[in-house]
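# Structural overview
What follows is each chain in one-letter form.
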Amino acid sequence: MLEADRGQAAIAIHLVDSAGFDDWLTTQPTNVRTILAAQRFTGSADSLALVPSDESWFAVAGVANAASLSTWCLAKASESLPEDSYRLVSGPPGPAALGWLLAQYKFDRYKRDANPTGARTLLSSDPARVEAAVREAEAVSLVRDLVNTPAADMGPSELEAEAGRIAKNHGAVLTVTKGHDLEIGYPMIHAVGMAAAKNNAPRLIETEWGNPAHPRIALVGKGVTFDSGGLDIKPSSGMRQMKKDMGGAAHALALAQLIMQFRLPVRLHLLIPAVENAISGNAFRPGDILTSRKGLTVEIANTDAEGRLVLADALTKAAENDPTLIIDFATLTGAARVALGPDLPATFANDDSLAEAVLQAGVAQDDPLWRLPLHAGYEDMLKSDIADLNNAPDGGFAGAVTAALFLQKFVAPTTPWLHLDTFAWRPSSKPGRPRGGEALGLRAVWAMLQGRFAR
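What you are looking at is a predicted structure, and each value in this text was computed from that prediction instead of being measured.

### What about the sheet that holds strand S4 (residues 57-62)?
A sheet is described by the order of its strands in space; here six strands give the open sequence S1-S6-S5-S2-S4-S3, paired in mixed fashion. The open sheet has two edge strands with one neighbour each: strand S1 (2-4) and strand S3 (48-52). Strand-to-strand twist in this sheet, taken as the mean axis angle between neighbours without regard to direction, amounts to 30°. Where helix H2 (residues 30-38) meets the sheet, its contacts fall on S3 and S4, and the angle it forms with S3 comes to roughly 140°. Strands S1 and strand S6 (120-124) of the sheet are contacted by helix H5 (residues 130-148), whose axis makes an angle of about 165° with S1.

Below you can see the structure in the form of structure tokens.
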């Protein structure tokens, strides 16, 4: 937890780093030096020592740089300290407040013997930043919860319910186009999702919020709630984590929630194409030709390249309302992970100033991105002999780039557009960042939007 510091009783936390630890130690009494030596504490990052004192006790936390706190520098302490209230001796926690909060995240919905620990509350003498940190932590936790939830409990209908909850809380308008009603207006969303069971029928979920006089922005999130690969079926190892293939939708929902909570002066249009890429007798097939909402025909070379199909129809709808900015999040390609690993969302933009703004925001927020090119020379890879486009070029070259080029066909060249190919998953734990669903790129984009549109 995080609370404004109003002089409440709290346990002190001294922050030290390796470079300044020896100098700090000389200011401490002999018994403190002895206790820290017994614990072999040297001030290294993510280390922690508890020191009894005459009245109670205090903590000493090692950080990388005690003069410039990072988002995650207090996460290990937050995970390890006992339930109580704490105050930094050096002043407000700044960006470290978010890491403190996220370190206490747990996903124990399915554990019968879950043993919840009590809250560790950090006091901040900068109350203006408390709400912002709490709301951002809630948004990241929302992404984690949605991605961690198994597909049996997080299908298209559950994504719709989550969008409805957020819309209701903020007076937004929710519209859902579902099942066979998609056939005329959103044929590729329908084709990808029509093989799923009736309760998981495909749908386009839309939310409109804000003053129509404000700049219109569109958020699009890939909502493939489970990806079997379709008739081009994935091996079991490739299917194991496919509950996370709706990670783009989770990011879009969380970002929409932040925009509404802080009443950013924009006209928001949220679009989530929600489908399950299942297998049945009516599944779409390799070799099929689909006609998109835009009218472009697409030859299906691989049914496992389905995310770009549903996004294409949603992007087309978003573009029809002439937005100032379009942003999409998608767990789109394995090629992005091969190129950049799990931590860095591959970032594409058709506007250099937009790209630079979001990259700088990522650095400032400890939420880094990496830009890849929309290289026009690779557009030939999307050619089909019998249709306007091919959804899965042969050869495997530049897979993240060709996927982004495919999406670009459905966005007006004059509309600034940002595409994040994010992993939405953390394969191994770090302080404050447990293994499982993760928000990657969310805070960078939120900071960029605040810089661009805040009053």
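### Describing the packing of aromatic side chains
Each pair of aromatic rings is reported with the distance of its centres and the angle of its planes. Under the criterion given, the structure shown has seven aromatic pairs. Each ring, one from Phe21 and one from Phe41, has its centre 5.5 Å from the other, and the planes form 70°; the classification is edge-to-face. Note that Phe21 is positioned in helix H1 (residues 21-26) and Phe41 in the loop between H2 and S3, a separation of 20 residues in sequence. Taken together, a centroid distance of 5.7 Å and an interplanar angle of 40° make the contact between Phe262 and Trp446 tilted. Remark: Trp446 occurs in helix H15 (residues 442-453) and Phe262 occurs in the loop between helix H10 (247-261) and strand S11 (267-277); sequence separation between them is 184 residues.

### Topic: unusual backbone geometry
Unlike most non-glycine residues, Arg40 shows phi in positive territory, near 55°. Position of Arg40 relative to the elements: it lies in the loop between H2 and S3. The phi dihedral of Asp366 falls on the positive side, at around 55°, and the residue is not glycine. Along the polypeptide, Asp366 turns up in the loop between helix H13 (352-364) and strand S16 (370-371).

### Here we look at the side chain of Thr149
Inspection of the secondary structure assignment puts Thr149 in the loop between H5 and helix H6 (156-170). Take Thr149: its relative accessible area is 3%, and that puts it in the buried class. In this structure the side chain of Thr149 is engaged in a polar contact, spanning 2.6 Å, whose partner is the backbone oxygen of Asp145. Apart from the residues within four sequence positions on either side, Thr149 is in contact with Phe107, Arg109, Tyr110, Met154 and Lys243.

### With respect to the packing of H13 against H15
Where H13 contacts H15, the axes come no closer than 8 Å and their chain directions differ by 120°. Put simply, H13 runs oblique to H15. The chirality of how H13 crosses H15 is right-handed. Of the residues in H15, those in contact with Leu354, Ala357, Val358, Ala361 and Gly362 of H13 are Ala444, Val445, Ala447, Met448 and Arg452.

### Looking at the pairing of strand S10 (residues 223-227)
Across the five residues of S10, four count as buried, placing the element largely inside the fold. Two elements, S10 and S11, share four bridges in a ladder whose sense is parallel. Bridged to Phe226 within S11 is Glu276.

### A few points about the sheet that holds strand S12 (residues 289-291)
Strand order in the open sheet formed by three strands is S12-S13-S17, with mixed pairing between adjacent strands. In this open sheet, the two strands that pair with only one neighbour each are S12 and strand S17 (389-390). The pairing of strand S13 (residues 297-299) with S17 spans two bridges and is parallel. Looking at the pairing, Val298 lines up with Leu389 of S17.

### Some remarks on H6
Between its first and last C-alpha, H6 extends 22 Å over 15 residues, near the 21 Å set by a 1.5 Å rise per residue. Those residues of H6 that fall on the buried side of the exposure criterion are Pro156, Leu159, Glu162, Ala163, Ile166 and Ala167. Down the axis of H6, the buried set is contained in an arc of 135°. They therefore lie on one face. What points out from H6, more than 90 degrees from its buried face, is the exposed set Lys168 and Asn169. Looking at the buried residues of H6, the elements they touch are H5, strand S7 (173-178), strand S8 (203-209), S10, H10 and S11. At the C-terminal side of H6, Gly171 shows a positive phi close to 70°.

### Overview of the pattern of salt bridges
What the rule picks out here adds up to 22 salt bridges. For Arg165, the salt bridge identified is with Glu162, shortest N-O distance 2.5 Å. One end of the pair is Arg165 and the other is Glu162, both in helix H6 and three residues apart, which spans about a single turn. According to the relative accessible area criterion, Arg165 is partly exposed, its value standing at 35%. Here Arg285 ties to Asp288 by a salt bridge, and the two come within 3.4 Å at their closest N and O atoms. Through salt bridges with shared partners, one network takes in Arg144, Asp343, Arg426, Lys430 and Glu438.

### A word on H13
Spanning 13 residues, H13 covers 18 Å between terminal C-alpha atoms, matching the ideal 18 Å at 1.5 Å per step. Within H13, burial applies to Leu354, Ala355, Val358, Leu359, Ala361 and Gly362. Down the axis of H13, the buried set is contained in an arc of 160°. They therefore lie on one face. Away from its buried face by more than 90 degrees, H13 exposes Asp352, Ser353, Val363 and Ala364. Among the structural elements, strand S14 (325-330), strand S15 (346-349), S16, strand S18 (417-421) and H15 are those in contact with the buried residues of H13.

About the cut-offs
- Residues numbered from 1 in each chain as written.
- Predicted model: local features only at pLDDT ≥ 70, side-chain atom pairs only at ≥ 80, totals over all residues.
- Heavy atoms only, no water.
- Pairing = 2+ DSSP bridges.
- Helix = DSSP H or I, 4+ residues; strand = E, 2+ residues; numbered from the N terminus.
- Axes fitted to C-alpha atoms, helices over the stretch in contact; angles between N-to-C directions.
- Contact = heavy atoms within 4.5 Å.
- Phe/Tyr/Trp six-rings, centres within 6.5 Å; stacked < 30°, edge-to-face > 60°.
- Buried < 20%, exposed > 50% of the residue type's maximum accessible area, 1.4 Å probe, protein only.
- Polar contact = N/O pair within 3.5 Å; in protein donor to acceptor, adjacent residues only side chain to side chain.
- Parallel < 35°, antiparallel > 145°, perpendicular 65-115°, else oblique.
- Left-handed = near helix turned anticlockwise from the far one by under 90°.
- Expected span 1.5 Å × (residues − 1).
- Arc of directions from axis to C-beta.
- Salt bridge = Lys/Arg side-chain N within 4 Å of Asp/Glu carboxyl O.

Geometric values such as these leave the question of function open.
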